[in-house]
Amino acid sequence: MQTTILPTGTPQERATSISRAASALRGGELVAFPTETVYGLGANALMDDAVRRVFEVKRRPMDNPLIVHVEALRQAMELMQEVPPCFAELAREFWPGPLTLIVRHNAAVSDIVTAGLDTVALRVPDHKVTRELLRLLELPVAAPSANISGTVSPTTADSVYADLNGYISCVLDGGPCVVGIESTVLDLTTRDPVILRPGTVTREDLEDVLQARVYFATDVPDRPASPGMKYRHYAPNAELVLFAHDLADLHQRIADALREEAARGVVTGLLAPDSYADSGAAHFHSLGSGEAVEYARHIYAGLRALDSAGCSLILCPALPDEGIGHAVMNRLRKAAVRIVRD
Ligand code: TXA
Ligand code: MG
């Protein structure tokens, strides 16, 4: 199968591409689509065979459930058995946006999508191309990130193409993703809401809206995180080494490490804020101003770019583990082989 990249630059291209993607999904084909977080690999959530193909193509374990993407709150309601008390409030505040809500599902949702759980993950993505697609389609779309399991999530149509060319019908090109890391996953089926996967909607954001405590799965004894969190994730081919944010002379430490690795003949990349641009790295990928949102936006594209440049080692200064930095560090720690602390 030849995979087509569908452009959406002009209004005409956009209309044609969206209608083509909608027909493909209706017919049970797989379509990658843009969201504000990362690109998704979509299948018609009501067609089991199509959803099964998502697991095959991604080489994803069947016990790791998918997020169902819907156009609006109304469509989400059609899939739920009961509406948790804070659901409407959160949806109103954060949808469309990078927050996935876990609720109990009704009979409309298949066991293939949920890996047999009695809960389903729901999200309204915030990307105008994809919202138009979902509106036209009038069907829920089951989608994980559009990468091969265990590799770095894609934030451009080209990254999707690099991983999945030949396996899927088309990639709807909506440009680079603005958020850059996957959505916050929040479980609403327990007494207190629990964050199963941190994202750019932070615990503080959720607590502000709910005026109630929100927990991290990692802080609740015996509370498993999302099934997906147990798998190795987000790993580039190169070895990623992080440098703790509070190291003394951090800039100098990194510049020294780059010089030593270069002397040993190791092709080394530096993934860091603009203030590190003159550290002497043979390959540099910018994390913009270095604020946590900028890290989130550029981190996956950077890991992929430095891999493609042939680096076997990537150095990256870490962030303080708080707010959006906590979500970024969750991904970076999983991708890294070690963190230099002293
Ligand atoms: O931003 C995102 O969430 C992107 C875009 C494409 O929407 N999607 C994404 O999907 O990251 P994926 O499949 O890579 O990650 C979904 C996470 C996994 O950790 C999975 O285990 C968890 O959500 N999940 C899905 N359904 C669940 C459920 N019913 N209960 C608990 N965790 C669930
Ligand atoms: Mg993923």
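Residues numbered from 1 in each chain as written. Chains lettered and ligands numbered in written order. Predicted model: local features only at pLDDT ≥ 70, side-chain atom pairs only at ≥ 80, totals over all residues. Heavy atoms only, no water.

Colleague: When you look at the packing of aromatic side chains in this model, what are you seeing that I'm missing?
Modeller: The relative placement of two aromatic rings is captured by the distance of their centres and the angle of their planes. By the definition in use, this model includes one aromatic pair. Centre to centre, the rings of phenylalanine 87 and tryptophan 95 are 5.6 Å apart; their planes meet at 85 degrees, and the pair counts as edge-to-face. A relative accessible area of 10% means that tryptophan 95 is categorised as buried. (Phe/Tyr/Trp six-rings, centres within 6.5 Å; stacked < 30°, edge-to-face > 60°. Buried < 20%, exposed > 50% of the residue type's maximum accessible area, 1.4 Å probe, protein only.)

Colleague: It is not clear to me how the environment of valine 31 should be interpreted in this structure. Could you clarify?
Modeller: Summarising the element assignment, valine 31 is placed in strand β2 (residues 31–33). Note on valine 31: relative accessible area 0%, which makes it buried. For the pair valine 31 and alanine 146, spaced 115 residues apart in the sequence, the C-alpha separation amounts to 9.3 Å. Ignoring any residue separated from it by four or fewer positions in sequence, one finds valine 31 in contact with Ala21, Ala24, Leu25, Gly40, Leu41, Gly42 and Cys170. (Helix = DSSP H or I, 4+ residues; strand = E, 2+ residues; numbered from the N terminus. Contact = heavy atoms within 4.5 Å.)

Colleague: Sorry if this is basic, but what is going on with the environment of arginine 135 here?
Modeller: Here arginine 135 is to be found in helix α6 (residues 128–137). When the C-alpha positions of arginine 135 and leucine 271 are compared, they lie 38 Å apart, and in sequence the two are 136 residues distant. At 3.3 Å, the side chain of arginine 135 and the side chain of glutamate 71 are in polar contact. (Polar contact = N/O pair within 3.5 Å; in protein donor to acceptor, adjacent residues only side chain to side chain.)

Colleague: Explain helix α7 (residues 157–164) to me, please; I cannot follow it from the model alone.
Modeller: One turn of the α-helix equals 3.6 residues, which is why residues spaced by three or four share an orientation. Taken together, the buried positions of α7 are occupied by Ala157, Ser159, Val160, Asp163 and Leu164. Looking straight down α7, one finds its buried side chains confined to an arc of 160 degrees; they lie on one side. Residues of α7 that are exposed and point over 90 degrees away from its buried face: Asp158 and Ala162. Glycine 166 sits one or two positions beyond α7 and adopts a positive phi of about 95 degrees. (Arc of directions from axis to C-beta.)

Colleague: What is the right way to read empty space enclosed by the protein from this model?
Modeller: In this approach, a probe sized like a water molecule rolls over the atoms, and the result shows the empty space that is left. For the coordinates displayed, the defined rule picks out one cavity of 30 Å³ or more. In this structure, the largest cavity encloses a volume near 40 Å³. Around the largest cavity, the lining residues are Ala45, Leu46, Val68, Leu79, Ala108, Val109, Val113 and Pro140. Its residues assigned to classes, the lining of the largest cavity comprises eight nonpolar, no polar and no charged. (1 Å grid on protein atoms, 1.4 Å probe; cavity = no way out; pocket = protein on both sides within 12 Å on 5 of 7 lines; lining within 4 Å. Points joined across faces, edges and corners; volume = space filled by probe spheres on them. Nonpolar A, V, L, I, M, F, W, Y, C, P; charged D, E, K, R; others polar.)

Colleague: When you look at the sheet that holds strand β11 (residues 215–216) in this model, what are you seeing that I'm missing?
Modeller: Within a sheet, each strand pairs with its neighbour through backbone hydrogen bonds, oriented either parallel or antiparallel. The 11 strands lie next to each other as β1-β8-β2-β3-β7-β4-β6-β5-β9-β10-β11, forming an open sheet whose pairing is mixed. The sheet is open, and its two edges are formed by β1 (4–6) and β11, each paired on a single side. In the sheet, strand β9 (residues 184–187) pairs with strand β10 (residues 194–197) via three bridges, with the strands oriented antiparallel. Each residue of the ladder has a partner; that of aspartate 187, found in β10, is valine 194. Across the face of the sheet, helix α2 (residues 48–58) comes into contact with β3 (40–44) and β7 (141–143) while running at roughly 155 degrees to β3. (Pairing = 2+ DSSP bridges. Axes fitted to C-alpha atoms, helices over the stretch in contact; angles between N-to-C directions.)

Colleague: Hey, could you run me through the packing of helix α10 (residues 292–308) against helix α11 (residues 324–335) in this one?
Modeller: For any two helices packed against each other, one specifies the inter-axial angle together with the distance between the axes. Between α10 and α11, whose axes approach to 8 Å, the crossing angle comes to 30 degrees. Considering the angle they form, α10 stands roughly parallel to α11. For the pair α10 and α11, the sense of crossing is left-handed. Across the interface between the two elements, Ala292, Val293, Tyr295, Ala296, Ile299 and Tyr300 of α10 pack against Ile324, Gly325, Val328, Arg331 and Leu332 of α11. Here the contact of α10 with α11 is built from residues that sort into nine nonpolar, one polar and one charged. (Parallel < 35°, antiparallel > 145°, perpendicular 65-115°, else oblique. Left-handed = near helix turned anticlockwise from the far one by under 90°.)

Colleague: Just to check I follow, could you spell out the sheet that holds strand β14 (residues 283–286) for this structure?
Modeller: Across the sheet, five strands lie side by side as β14-β13-β15-β12-β16; this open sheet has parallel pairing. In the strand order of this sheet, the two ends are held by β14 and β16 (336–340), each with one partner. The mean angle between the axes of side-by-side strands here comes to 20 degrees, regardless of whether they run parallel or antiparallel. Bridge count for strand β12 (residues 239–243) against strand β15 (residues 313–317) is five bridges, and the pairing is parallel.

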